[in-house]
Each structure stands twice: as structure tokens, then as C-alpha cells.
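An overview of the molecular structure
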Amino acid sequence: PGPENPNPEGDGGDDDDNAPAQQEESTAVFTPVVQLETVEIKTHEEDEDVVYKQRAKLFVYGETMLDKGTGNKTWREKGVGDVKFLRHKEN
């Protein structure tokens, strides 16, 4: 005369409706619409050695679009990238 078992199968009560569903692998196959060919990119740095390289920010001193004609100039950040000093291998 103990408490009644709410799960008569006796599997431990692992049926949780809030548990995430098992993920199934996708078997979909997508074919490309356009075939692209490989393009060789030249940086024109192939014949040069890097003498110095450092990460830097580029700033521009000038008027903004809102300040055109007022003479109010400020420094604005234009981007972040690598600054390189290069030396040509032959010259």
C-alpha cells in the first residue's frame, strides 16, 4: 500500500515534454546556380619585403557633412588596418 506509480510502464519517467527534441541531420543537397572560376589576386607586393608592419587607425581632419561651410573641423576615424613599410627586392 505505497503511493501509486503515475507511470505504469516503469521506465523512470523520462518522458519530459520540455526536453529539447533530438536533432536530425539534414540530407538536403543544394546545387550552385552559378559556377564561379578561380581568380588570381595580385597585391603588387610580391616583389617587395616588409620592413615594418603595425596595426593602426587612420584619421582624417576635416569638416563633416553637417559642418560644411562653417569652418568647424574635427578628427574622424576612417578605419583600422595594417600599416606597412615595404622595400623593393631589386632596387
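See above for the structure.
Notes on the structure in this doc start here. Model, not experiment: these values are computed from the prediction.

1. Topic: the overall build of the protein
- Along its length, the protein carries 0 helices and 2 strands.
- The long-range fraction of contacts in the protein, counting pairs at least 24 apart against all pairs at least 6 apart in sequence, stands at 52%.
- If you sum the accessible surface of the protein, you get close to 9600 Å²; carbon and sulfur atoms cover 50% of it.

2. A closer look at the pattern of salt bridges
- Summed over all chains, the structure comprises 4 salt bridges.
- Members of the salt-bridge network, linked through shared partners, are K53, R55 and D82.

3. Some thoughts on a nonpolar patch on the surface
- A grouping of V51, Y52, V83 and F85 is seen on the molecular surface, where their side chains present a nonpolar patch of about 380 Å² in accessible area.
- Of all the elements in the fold, those that place two or more residues in the nonpolar patch are β1 (48-63) and β2 (73-88).
- Checked against the element boundaries, Y52 lands in strand β1.
- On the basis of relative accessible area, Y52 is assigned to the partly exposed category, the value being 40%.

4. Here's the deal with the packing of aromatic side chains
- Per the counting criterion, the structure on display carries 2 aromatic pairs.
- Here the aromatic rings of Y61 and W75 are separated by 5.0 Å at their centres, their planes lie at 45 degrees, and the arrangement is tilted. Separated by 14 residues along the polypeptide, Y61 in strand β1 and W75 in strand β2 bring together distant segments of the chain.

5. A few points about unusual backbone geometry
- Backbone geometry places H44, a non-glycine residue, at a positive phi of 60 degrees.
- Within the secondary structure layout, H44 lies in the segment before β1.
- H44 gets classed as exposed once you look at its relative accessible area, which sits at 62%.

Calculation criteria
- Residues numbered from 1 in each chain as written.
- Predicted model: local features only at pLDDT ≥ 70, side-chain atom pairs only at ≥ 80, totals over all residues.
- Heavy atoms only, no water.
- Helix = DSSP H or I, 4+ residues; strand = E, 2+ residues; numbered from the N terminus.
- Contact = heavy atoms within 4.5 Å.
- Areas by Shrake-Rupley, 256 points an atom, 1.4 Å probe, with all protein chains shown as cover.
- Salt bridge = Lys/Arg side-chain N within 4 Å of Asp/Glu carboxyl O.
- Patch = residues over 30% accessible without salt bridge, like charges linked within 9 Å, V, L, I, M, F, W, Y side chains within 5 Å.
- Buried < 20%, exposed > 50% of the residue type's maximum accessible area, 1.4 Å probe, protein only.
- Phe/Tyr/Trp six-rings, centres within 6.5 Å; stacked < 30°, edge-to-face > 60°.

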